[in-house]
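Understanding the architecture of this molecule
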Amino acid sequence: MVNPERILVLTQQVSDITGRRLGSIHSITGRTRILALNAMIEASRAGEAGRGFAVVANEVKGVSDSVTQVAGEFSGELQSAIAELNDLGSRIIAHMRGTRLIDFAAAMIDIVDRSFYERIGDLRGWSTEPALVDAVSGREPAAAMRAAERLATLLDIRTIYQDLWLTDAAGRLVANGRAKHFSGLQGLDVSGEEWFQQALQGAPGEVAMRAPQVDRHLGNTAVVTFATALRENGRRDGRILGTLAGHFNWAAQSEAVVGRVRLDEDERERTHCLLLDGKQRIIASSDRRGVLVDSFPLKAEGQATGSYLNKDGRLIGFARGTGFETYRGSDWFGLIVQDPVED
C-alpha cells in the first residue's frame, strides 16, 4: 500500500531544496554586488578612461539587485504555496485515514450486531421447546433432567455459549447445560438479576440483553446474557412459567472481533481496536487493557460515524451499531485509535 504521508515528505523536500537553491542565489548575487562595487571603485580611480567600465559595473549591480528581488518574490510565493499544499495534504491524509478507520470500526460493530441477532434467534427458538417448557411447569420431577440433557445438546451445537440456564418464574435455577463443569447451581436464586426481571416483563418473544459482565458462577468469565420468558405450552399468549438465559462467551468472541481487523503491517503496532458500550466503557480491546474497568472519552457528538484527531495527535475513527434485521441494535460503538506516523 502506498503511504499517503509520502505527500508531506515530498512537500518538505521541495521546500528544503528550494531553500537551499535560493540561498545559493543570494550568495551569488551578494558576490556579484561586491565585484560590481570594486569595479566602480577602480573605474573612479582610472578617471576618464574608466568611465565606460563604471557604466558596466553599475549595470551589473542593477542586474544583481533585480535577481535578488525576483528571488525574494519567488521565495515568498513558493513558500506560501508549499504551506497551503502541506495543509491540504494533511487534511487529505487525515480524511483518508479517518475513512479507513471508520470502515474498520463499522465492520467490528457490524459483526457484533449480526452475532447478537443470531443469539436472539437462538433464544426465541429454544424457548418453545417442549423439554424446556415441561421442566418449568412443575408437573414432572424428571423433566428437569431431560431439560438439562437438551441444554447440553444445544451447547454442543452452539459452543459460543458459556452456559444455558433454565429458571422457574420465581427465579430459581432449574437446570443448566454444563452441570458437570458448573456444578451446584441448581436452586440458585437469580430473581435479583436485571436480565431475569426484564425477561419476565418483556413482550411475548422479546429477548432481554445484559451488557458484558464477569460472572463468578461461570468461571469468572465475561459474558453477555440473553434471556426470554418460557410460556405455557410454548405459546406466545401462554402464562409465563420461567425463563431461559443464554450466557454468551463475550470474552472469547470479542477478542476475536478486535483481534482480526485487517490492518497493514506498518500500522498494526500503532493501532488499537476497541468496543465501547453505551456508557463508553471499554468492553473489548486489542491490547486487552482496561476491559470492563476503564472508559474511553469518545467525542461522537451525536454522530453515528466519524473521525477526529485528539489532543495527543492520535486519529480516532468510530461507528455506532445500527442493528441487523429484526435486531434494532444498541448504543455500542466500534472504535479505532491510531497513533501518528513517526518521522
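Please refer to the structure placed before this passage.
Scope of this entry: the structure provided in the associated data block. (Residues numbered from 1 in each chain as written. Predicted model: local features only at pLDDT ≥ 70, side-chain atom pairs only at ≥ 80, totals over all residues. Heavy atoms only, no water.)

Let us now look at the overall build of the protein chain. Counting its regular elements, the protein chain contains seven helices and 10 strands. Here the analysis covers contacts within the protein chain between residues at least 6 apart in sequence; of these, 57% occur between residues at least 24 apart. In the structure as shown, the protein chain presents an accessible area of about 18900 Å², 52% of it carried by carbon and sulfur atoms. (Helix = DSSP H or I, 4+ residues; strand = E, 2+ residues; numbered from the N terminus. Contact = heavy atoms within 4.5 Å. Areas by Shrake-Rupley, 256 points an atom, 1.4 Å probe, with all protein chains shown as cover.)

Here Ser254 shows up in helix α6 (residues 250-259). Of the polar contacts made by the side chain of Ser254, one reaches the backbone oxygen of Trp250; its length is 2.6 Å. Setting aside residues up to four positions removed in sequence, Ser254 forms contacts with Ile283 and Ala284. (Polar contact = N/O pair within 3.5 Å; in protein donor to acceptor, adjacent residues only side chain to side chain.)

Here the focus is the sheet that holds strand β1 (residues 161-168). Sheet architecture is open: five strands sit in the order β2-β1-β5-β4-β3, paired in antiparallel fashion. Pairing within the sheet leaves two strands with one partner each, and these edge strands are β2 (173-176) and β3 (208-215). Across this sheet, the average inter-strand angle for adjacent strands is 25°, counted without regard to direction. In this sheet, β2 lies alongside β1 in antiparallel orientation, the contact comprising three bridges. Residue pairing in the sheet places Trp165 in a bridge with Asn176 of β2. Across the sheet, helix α5 (residues 194-201) is in contact with β1, β3, β4 (221-231) and β5 (240-249); its angle to β5 comes to roughly 135°. Here α6 sits on the sheet in contact with β3, β4 and β5, set at roughly 45° to β5. (Pairing = 2+ DSSP bridges. Axes fitted to C-alpha atoms, helices over the stretch in contact; angles between N-to-C directions.)

Another point: helix α3 (residues 130-137). Those residues of α3 lying buried are Leu132, Val133, Ala135 and Val136. Angularly, the buried residues of α3 cover 155° about the axis, an arc narrow enough to put them on a single face. Positive phi shows up at Gly138, right after α3, with a value of about 80°. (Buried < 20%, exposed > 50% of the residue type's maximum accessible area, 1.4 Å probe, protein only. Arc of directions from axis to C-beta.)

This part takes up the sheet that holds strand β10 (residues 333-338). With antiparallel pairing, the five strands of this open sheet are ordered in space as β7-β6-β10-β9-β8. Each end of this open sheet is capped by a strand with a single partner; those strands are β7 (282-285) and β8 (305-309). Within this sheet the neighbouring strands show an average axis-to-axis angle of 20°, counted without direction. In this structure, β8 lies alongside strand β9 (residues 315-320), joined through five bridges in antiparallel fashion. Among the inter-strand pairings, Gly306 is bridged to a residue of β9, identified as Phe318.

Okay, the packing of aromatic side chains next. Under the criterion given, the structure shown has 14 aromatic pairs. Among the aromatic residues, those joined into a cluster by ring pairs are Phe116, Trp126, Tyr161, Phe226, Phe248, Trp250, Tyr327 and Trp332. (Phe/Tyr/Trp six-rings, centres within 6.5 Å; stacked < 30°, edge-to-face > 60°.)

In total, this model carries 16 salt bridges according to the counting rule given. Ionic pairing is found between Asp110 and Arg114, a salt bridge with its closest N-O pair at 2.8 Å. In this pair, Asp110 and Arg114 both sit in helix α2 (residues 51-126), four residues apart, roughly one turn of the helix. The shortest N-O distance in the salt bridge between Arg150 and Glu129 comes to 2.6 Å. (Salt bridge = Lys/Arg side-chain N within 4 Å of Asp/Glu carboxyl O.)

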